[in-house]
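Survey of secondary and tertiary structure
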Amino acid sequence: MKGPTPTCTARRSSTEFLLLRGNAKLPTVTPSGFGIVFDAIRGFRPSTGPGLHPRLSTATTSWFAVMTASLLTAAGAAHAEVTLNHTFSLESDLRLVVDKNRGATSDQLLHFNWNRNAVEYKVQAFIGEDVRAVGHLRTLFFGIHEIEKMNDLVDRRQMDPVRIDSDAAFLEVKGLVFDDLSVKLGRMIHTWGTADQFSPTDNINPKDFEDPLRFGGKLANQMAVATYYLPWLSGSIQAVWIPMFRPTQLPASSALGMSADNVSQMPVRDPGLKQALIDEYYREKGQGASLFMDPEIRVNMPPTDLDNMSGGVRTKFRLGEYDLSASYFRGRHSFPVPKRIYSYSGKDVRTAEGLRTEQRQFIDLVYPRIQVIGLDFAASLPWLFNLGVWFDGAAIHPEKVDMLLYTTNYRPGDPCATPGMTGSDIRLACSRNSDYWYYKMTAGFDYTFTSWLYMNVQYLHGFDDEFGYEDALDDFIAGGVDLKFLNDQLLLRLFTLHDITDGSDILFPQFILNKWDSTELQLGAIFNLGAEDTKFGQKASGRNMVFTKVKVGF
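A brief look at the structure comes next. (Residues numbered from 1 in each chain as written. Predicted model: local features only at pLDDT ≥ 70, side-chain atom pairs only at ≥ 80, totals over all residues. Heavy atoms only, no water.)

**Quick notes on a nonpolar patch on the surface**
Our working definition: In this scheme, patches are assembled from residues that exceed 30% relative accessible area and form no salt bridge. Like charges are connected within 9 Å, while nonpolar side chains (Val, Leu, Ile, Met, Phe, Trp, Tyr) are connected within 5 Å. Accessible surface area values rest on a Shrake-Rupley calculation with a 1.4 Å probe, where residue burial reflects the displayed protein chains alone. Throughout this description, the term salt bridge denotes a Lys or Arg side-chain nitrogen within 4 Å of a carboxyl oxygen of Asp or Glu. Per the convention used, a helix needs a DSSP run of H or I reaching at least four residues, while a strand needs a run of E reaching at least two, with both numbered from the N terminus.
Where nonpolar side chains cluster on the molecular surface, the patch consists of Leu176, Val177, Phe178, Tyr228 and Ile237 and spans about 490 Å² of accessible area. Following the sequence through the fold, Tyr228 ends up in strand 8 (residues 221-230).

Listed below in structure tokens is the structure:
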């Protein structure tokens, strides 16, 4: 889209320019493209973790329902011509851990921690000129067993985990009521914003951080999208309605962000409250008679009622060389945020070091309501060597979240008390927010220097998981280059993400071989670098590993 396009396009899609991982830290809970992408689908991402029963999911049932509806529509249209476009793809990847001190346990060097094999089918059914049905099914075979006890040896679901999910099952009708009105109904992935991967205005679908190598993916959700086109303005007005909230999929490493030895990275956004938590931790630790236990974490999911619907509106138009848009979204923050941390002393236990008192915590997580006002633009500048540029900014207004931290000896009647609490506990710290706004933004450029050299650089203020005060938002530089060799058959891709605030980094190098039609071989690695108390250096950001991947599509 931007810059000269000899062989490689100047502007990479988000699925093409993958960043690192699903493990890019979450101070809240650290997170740990191939094939055809049609219209509202950007990438195809799994929706839940491995090990689910291989039965038809709700998404699969919905897919069949939409396909049935499309056939009924076709039958009802007098002699309507039906055209089907199919895509079938296979993918297999294997990953080897190359560190021994970043996981839940130490001394696990050089072991395989991921083997996933995917079979995908995607179909578009064009019914006449005005109706389109889109469906997608993915079957995932996980090569790593989940055997923990003897009975698992007789359960094929544990020995050979399989999952079925879907990223698309929707119907699109053009010319509904008005000639320039298009309506989509069903399960889909819908994208706002112009930034690559990191778009603060793109809040329609929750993120998918299950796979560390597909950072920035999304989970499909049920929704309705109505777009009224304005040809005279080269633009449109769009409304999105999402009946049910769906949270972000967290990576397996995210629980380490809440571990007892990770108190400095505990997802507490208020600086004063976080310092109180750290002080309490080291006070107990300094006494030398404490045994710190990992906290018990409770997630308070919003109910699926009318009060928790979300949606937004967006207007988009072209002005000279610029594609501009303004948007408003009202919904919930898709990452969980701590609302209460309750610390207390448990029972005495005998350890190798002697008698120790358990130090325990309850943590309650919530999904706060947010309002987001977004502005973004993208352009290819012919007067500046066809440089591609973009900006994506959001002003975010969250609901008031009282973040509470309790320790022993609570005073009844405390203004920060949680209803129903009893006993002798005292409030250690409390953060009560008044109405406030905070801001996130991404600005970047890309350029194709030659047919064999491409570069993409972005500046970020605020990461996907970061929420709340400006003091809780880090600044980042994300950048990458593509180098092509052997008549474009071999691609070297190097991506890096640097946290300016704390100095931690992610490195994501890849070798991609495209010697044969519709076939891709990959060899790569991902490294999380930094001190243990930094965003990407902490254990919750995920393991360092090398990987191989094979992709075939037709």
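**Quick notes on unusual backbone geometry**
Positive phi, close to 60°, is recorded for Asn386, a residue that is not glycine. One can find Asn386 in the loop between strand 16 (369-381) and strand 17 (387-398).

**A short note on the packing of aromatic side chains**
Where we set the bar: Two aromatic rings, drawn from Phe, Tyr or Trp (for Trp, its six-membered ring), form a pair once their centres lie within 6.5 Å of each other, and the interplanar angle then sorts them: stacked below 30 degrees, edge-to-face above 60, tilted otherwise. Exposed residues in this analysis have more than 50% of their type's maximum accessible area, buried residues have under 20%, and partly exposed residues fall in between, with area computed by a 1.4 Å probe over protein chains only.
Under the defined criterion, the tally for this structure stands at 13 aromatic pairs. Seen in terms of ring centroids, Tyr322 and Phe377 are 5.7 Å apart; in terms of plane orientation they differ by 75°. Their pairing is edge-to-face. Taken as a pair, Tyr322 in strand 13 (residues 322-332) and Phe377 in strand 16 lie far apart in primary sequence, 55 residues in all. Assessed through its relative accessible area of 29%, Tyr322 is described here as partly exposed. Take Phe377: its relative accessible area is 26%, and that puts it in the partly exposed class. On the numbers, 4.9 Å between centres and 80° between planes, the contact of Tyr447 with Phe449 is edge-to-face. Judged by relative accessible area, Tyr447 falls into the buried class, the value being 16%. A relative accessible area of 43% means that Phe449 is categorised as partly exposed. Three or more aromatic residues joined by ring pairs make a cluster, and in this case those are Phe198, Phe463, Phe476 and Phe536.

**Points about the environment of Thr315**
Cut-off, in case you're wondering: We call two residues contacting when some pair of their heavy atoms lies within 4.5 Å.
Within the secondary structure, Thr315 is located in strand 12 (residues 310-319). Residues in contact with Thr315, not counting those within four places in the same chain, are Ser236, Ile237, Leu324, Ser325 and Ala326.

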